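What the coordinates show
The residues making up each chain are set out below.
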Amino acid sequence: MKYMLMFISDDSSWDPSKPEVQAAYKRIGEWFEEHTKSGKITGGEELKATNTATTVRQRNGKITVTDGPFAESKEAIGGYALVDVKDLDEAVAMAKTWPTLTAIEIRPLVEH
Amino acid sequence: MADADRDRDPTAGGALGAEALERVFREEHGRLTAALVRSLGDWDLAEELVQDALVAALEHWPRDGIPENPGAWLMTTARRKGIDRLRREARYRDKLAQLQEEPVAASTAHEDERLELIFACCHPALPRESQIALTLRSVVGLTTAEIARAFVTPEATIAQRLVRAKRKITEAGIPMRVPTADELPDRLSEILGVLYLMFNEGYLASASPERRDLAEDARWLAGLIVRLMPDEPEAIGLLALMTLQLARAAARFSPEGRLILLEDQDRSRWDARAIAEGVAQVERAGRMRRPGPYQVQAAIAACHAEAASWADTDWTQIVMLYEGLTRMTGSSVVRLNHAIALAHVAGAARALAEIDEMKDELDRYHLYHATRAAFLRDLDRPDDAREADRRALALTDNPAEQALLLERIGA
C-alpha cells in the first residue's frame, strides 16, 4: 500500500546553523537513504518554514489569498515522504524510526 | 449439503444441548471469521458468510448431530454459500475465484487465525470503543443488537461504529497478523487493555440483569489469548484477575440488587473452584519471572479471595503488592488503594494523611471521597465523613453506588 508520511514539527526551533540541527539533518539523510535503497520510499521533500507559506482559500464563493499556513498552530507539516509498503504496521514502524519525531501523520493514498 | 453431511460423526448424534451448540459456535465463529477475512480481505462479506453458515448449522445440527469437525463443516458451508452469493454479484468476480481456488483440504484443518483477527480488531489505529465493539462482533460473535444492549447505546450507533472501523481497517491497510517481536509487547498490552475495559464494563454493571454479561465474554477472550499465546505472563495475569473477581460475583449484590462491599460479603457464596483456578493462574504467571501490573492486581485479588474473613486478610502482603503496583503504574488510583490497605496495617490516621496528599489529582473521583469518608468515620469524625460521602454521591452515576452512599449518609 502507498502512504504519505507527513512530518509534523515546530519549525520555530529549527535553526540550520545549530550543530544539533545539522546532526539531525545527517540522520534524516541516512533515514531517507536506507529506506530508498530498500525500495520503500518513492518520493519525499522537505518544506521551507511556515513563515514562507501562503494560503489560498475559497469561502462563500470568494477566493482570498493570505499569508501563513492553513492552520494557526505552532506545529505544521515540515516535510513528507511517499512510501510503498506492505501495510499500516510497516508504515508505523518506519515512522517510529524518524530521527526528529514529534508527530507524523500517516495517510493512505487513493490508488486510481 | 451432501459433502458437508459426510463429515458428520454418527456417534455425536442424539440430543443436542443448547449449551454444546453455544460452545461450538463460540469457538468457531471467530475462527471462521478470521479465515474468511484473511482469504477474502472483505470484512462485511466474511461476516455475512459466517452468518449464513451458522444459520445452516442451526438447521442441520439439531437434526443430524454436531459434525465431527464442526469447523470444517462450517467452512465448507460458508464457502459454498459464498460462491452462490458471489455468482449473483458480478462485481465480486475476483473474490469468487479466491473461494473456488482454495483447496478443500486446507479448509478441513484451517488453522486458528483468531489471534491475527484479535490483533486487527484491537489495532491502536482504531478508537478504543471501536476496538471493543469489533472484537465482540468478530471474535466473540455477538450481534450488533447484543453489543448495543451491553453498552446501553442505540443499535444504530454501534452499527455505525462497526462500519467505520471496518472501513478504516480496509482503507488504512491495517494488517491481520501477529506483530513483529519488537512491536509485540505494546500491541499485546493494547489487547489486554481492551479486554480489561470490556470486563469492567460488564462487572460494574452486573446489577441490571437484562444487560449482557460482558465480563464473562471478556474472560473467555482472555482465556483464548492465553491458549493462543501461552508464554505471556501478563495475559495469564489478566485472566487470573478476571477469574478471581468473577469468583466473588455472586456475593457482590443483595437480592434487591444492592451493592455489597467486600468486607460485608458472605464468603460462603464465593466460588471456591474458580478461586483455586485463579490462584493457580497467578502462580503459573509468577513462575515466568516477568512481573507486570495485571499479575500484581491478580495477586492482590488472590489475597482477598483466599482470606477466610475480612479480619484474616493478609494486609501486610497487600500493602507490599500495592507499593509494587504504584511503582509500575504511577497511578493515583492505585495509591488510593494502597492507602486503604495501609489503614488496616498502620491505622486510619496514617492512611488519611496519605490520601490528603492526593487531593488535587483525585478530587473528581468519587471513590476518593468515599474512601476519605470511611477513614473519617473510623476516626470518629462523623460530620466530616458525611460531607465526604455527599461529595462522592455527587460524582457517581452508578445506581448501586448511589444507593450505598445514600444509606451511609442516612438520607
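Please read all numbers here as calculations on a predicted model, not as lab measurements.

Reading guide: rules and limits
Residues numbered from 1 in each chain as written. Chains lettered and ligands numbered in written order. Predicted model: local features only at pLDDT ≥ 70, side-chain atom pairs only at ≥ 80, totals over all residues. Helix = DSSP H or I, 4+ residues; strand = E, 2+ residues; numbered from the N terminus. Buried ≥ 20, exposed ≤ 12 C-beta atoms within 10 Å, placed from the backbone. Contact = placed C-beta atoms within 7 Å. Pairing = 2+ DSSP bridges. Axes fitted to C-alpha atoms, helices over the stretch in contact; angles between N-to-C directions. Expected span 1.5 Å × (residues − 1). Core = buried A, V, L, I, M, F, W, Y, C linked by C-beta atoms within 7 Å. Domains from an automatic or database assignment. Parallel < 35°, antiparallel > 145°, perpendicular 65-115°, else oblique. Left-handed = near helix turned anticlockwise from the far one by under 90°. pLDDT = per-residue confidence, 0-100.

When its secondary structure is counted, chain A shows two helices and six strands. Summarising its shape, the C-alpha atoms of chain A cover approximately 45 × 45 × 20 Å along the three principal directions. When burial is assessed residue by residue, chain A has 14% of its 112 residues classed as buried. For chain A, contacts bridging at least 24 residues in sequence account for 76% of all contacts bridging at least 6.

For chain B, the count of helices and strands is 22 helices and zero strands. Considering only C-alpha atoms, chain B reaches an extent of 75 × 45 × 45 Å along its principal axes. Across the 411 residues in chain B, those meeting the buried criterion constitute 39%.

All names here are of chain A. If you walk across this open sheet you meet the four strands as 2-5-1-6, and the pairing is antiparallel. Every interior strand has two partners, whereas the edge strands, strand 2 (41-46) and strand 6 (103-108), have only one. Ignoring strand direction, the axes of neighbouring strands in this sheet form an average angle of 20°. Pairing analysis gives five bridges linking strand 2 to strand 5 (residues 76-84), with the strands arranged antiparallel. Bridged to Glu45 within strand 5 is Tyr80.

Here we come to helix 4 (residues 70-88) of chain B. The end-to-end C-alpha distance of helix 4 of chain B is 27 Å, a good match for the 27 Å that 19 residues give at a rise of 1.5 Å each. Turning to helix 4 of chain B, its buried residues are Pro70(B), Trp73(B), Leu74(B), Met75(B), Thr76(B), Thr77(B), Ala78(B), Arg79(B), Gly82(B) and Leu86(B).

Moving on, we come to the nonpolar core. Residues and elements named next belong to chain B. In this structure, Leu195 and Ala222 are the most contacted members of the largest nonpolar core, which totals 120 residues. Of all the elements, helix 13 (residues 233-247) adds the most residues to this core, at ten residues. Per-domain counts for this core show at least three residues from each of domain 1 (2-112) and domain 2 (314-411). With residues near it in sequence (within four places) discarded, Ala222 still touches Leu195, Ala235, Leu238, Leu239 and Met242.

Turning to the packing of helix 15 (residues 293-306) of chain B against helix 16 (residues 315-329) of chain B, a few remarks are in order. Residues and elements named next belong to chain B. Packing of helix 15 against helix 16 leaves a shortest axis separation of 10 Å and a crossing angle of 165°. Judged by the angle between their axes, helix 15 and helix 16 are roughly antiparallel. You can see that helix 15 and helix 16 cross each other, and the crossing is left-handed. Contact residues: helix 15 offers Pro293, Val296, Gln297, Ala299, Ile300 and Cys303, while helix 16 offers Gln317, Ile318, Leu321, Tyr322, Gly324, Leu325, Met328 and Thr329.

Moving on, we come to unusual backbone geometry. Residues and elements named next belong to chain A. A positive phi angle, near 50°, is found at Asn60, a position not held by glycine. Within the secondary structure layout, Asn60 lies in the loop between strand 3 (54-59) and strand 4 (62-67). Taking the C-beta count within 10 Å as the criterion, Asn60 has 4 such neighbours and is therefore assigned exposed.

Residues and elements named next belong to chain B. Here chain B shows a mean pLDDT of 89. Residues at 70 or above account for 90%. Across residues 1-14 the pLDDT falls below 50, and counting only partners more than four positions away or on other chains, this stretch makes 24 contacts in the model. Per-residue pLDDT stays below 50 along residues 104-109; that stretch engages in seven contacts with residues further than four places along the chain or on separate chains. Predicted complex metrics record ipTM = 0.85 and pTM = 0.85.

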